[in-house]
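So the chains spell out like this:
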Amino acid sequence: MGKMTEILKKIAEERLSHIERKAEATPGYILTQRADSKIDPRIVTFHEPNSPIAEQYKMLRTNILTISAKRHLKSFVVSSTIHGEGKTVTSANLAFVLAEDLNAKSVLLVDADMRKGRVSRLLGLGPRKGLSDILSNGTPFHEGLVDIGVKNLTVLPSGMVPTNPSELLGSTKMNRFIQELRGRFDMIVFDTPPVMSVTDPGVLGAQCDGVFMIVQAGRTQRTSVQHAEHLLTHAHAKILGYIVTNVEYHLPEYIYRYVEREPYAEPTIVPAAS
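Computed from a prediction, not measured in an experiment: that's the story for all the values here. (Residues numbered from 1 in each chain as written. Predicted model: local features only at pLDDT ≥ 70, side-chain atom pairs only at ≥ 80, totals over all residues. Heavy atoms only, no water.)

**Student:** Would you mind showing me how to read a nonpolar patch on the surface here?
**Tutor:** On the surface, Ile 82, Met 196 and Leu 231 cluster together into a nonpolar patch covering about 200 Å² of accessible area. Judged by relative accessible area, Leu 231 falls into the partly exposed class, the value being 31%. (Patch = residues over 30% accessible without salt bridge, like charges linked within 9 Å, V, L, I, M, F, W, Y side chains within 5 Å. Areas by Shrake-Rupley, 256 points an atom, 1.4 Å probe, with all protein chains shown as cover. Salt bridge = Lys/Arg side-chain N within 4 Å of Asp/Glu carboxyl O. Buried < 20%, exposed > 50% of the residue type's maximum accessible area, 1.4 Å probe, protein only.)

**Student:** What is the right way to look at the pairing of strand 1 (residues 75-80) in this model?
**Tutor:** The side chains of a regular strand alternate between the sheet's two faces. Among the six residues of strand 1, six are classified as buried, and the element is accordingly described as predominantly covered. Here strand 1 shows a buried face lined by Ser 75, Val 77 and Ser 79 and a second buried face lined by Phe 76, Val 78 and Ser 80. Summarising the sheet, strand 1 and strand 5 (residues 187-191) pair through four bridges and their orientation is parallel. Bridge pairing in strand 5 places Ser 75 opposite Ile 188. Relative to strand 6 (residues 211-216), strand 1 runs parallel, the two sharing four bridges. Of the residues in strand 6, the one forming a bridge with Val 77 is Val 211. (Helix = DSSP H or I, 4+ residues; strand = E, 2+ residues; numbered from the N terminus. Pairing = 2+ DSSP bridges.)

**Student:** So what exactly am I meant to see when it comes to the layout of surface pockets here?
**Tutor:** The gaps of empty space that remain are located by a probe, the size of a water molecule, rolled over the atoms. Quantified by volume, the second largest pocket comes out at close to 250 Å³. Lining of the second largest pocket is provided by 17 residues; of these, Gly 84, Gly 86, Lys 87, Thr 88 and Arg 118 occupy positions nearest its centre. Here the element with the most residues in the lining of the second largest pocket is helix 4 (residues 87-99); it accounts for three residues. Classifying every residue of the lining of the second largest pocket by side-chain character gives three nonpolar, seven polar and seven charged. (1 Å grid on protein atoms, 1.4 Å probe; cavity = no way out; pocket = protein on both sides within 12 Å on 5 of 7 lines; lining within 4 Å. Points joined across faces, edges and corners; volume = space filled by probe spheres on them. Nonpolar A, V, L, I, M, F, W, Y, C, P; charged D, E, K, R; others polar.)

This is the structure in structure tokens:
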């Protein structure tokens, strides 16, 4: 865990130095939204695919596809230590750029936060059936899938709030469902609740190919990252990488491989917008 601690410390020091050296205020990047779309403007990979922020997600896509080529990565969880670190926004943007890959990959974005799912809200979808209904009520698989008009991208909302989300995610039915999804889609992105709030990310992460953790620069505490990592490891979930959000300027030195664990550890630190 030493290298991750060093990264967070260095980011904080660099950001402070950057602010102190900044003599004049410069205009920030303004997010805009397509007038004909209900998708949240923070999904920059949809609204402004050529923007500098969208390019950061494309860099992340490249790193994920590199890992996928080596380890046949098909399904992974995106989580964070606590709420508000940019987890769901990152999940959605990542799903969009993966669907844009010229190799025409079919991508499924699953809102696996059956407690406080936010994917539907970000994508402008109203209340509808989803994952919880498939697992608990026997809703047919196809009734939960949503086509939002983006080529190669399908969305599975969280559905109605169940009384036992952790148990549903850890059920034999969920395991079979994941195997079915792997046969239908090239890449599956699961957005989950934060690691330190509930057991869901570890339960689901153990059934997928691994977990990407969101770390917000200047906010996420090192001790929280250490504790979240311990919880995921204890649940037998492989940690694929850390995605650093809220980095306001380019930090090429943070894009490198973090190889402290074996044999699965090749996470890539990538600056991205929250």
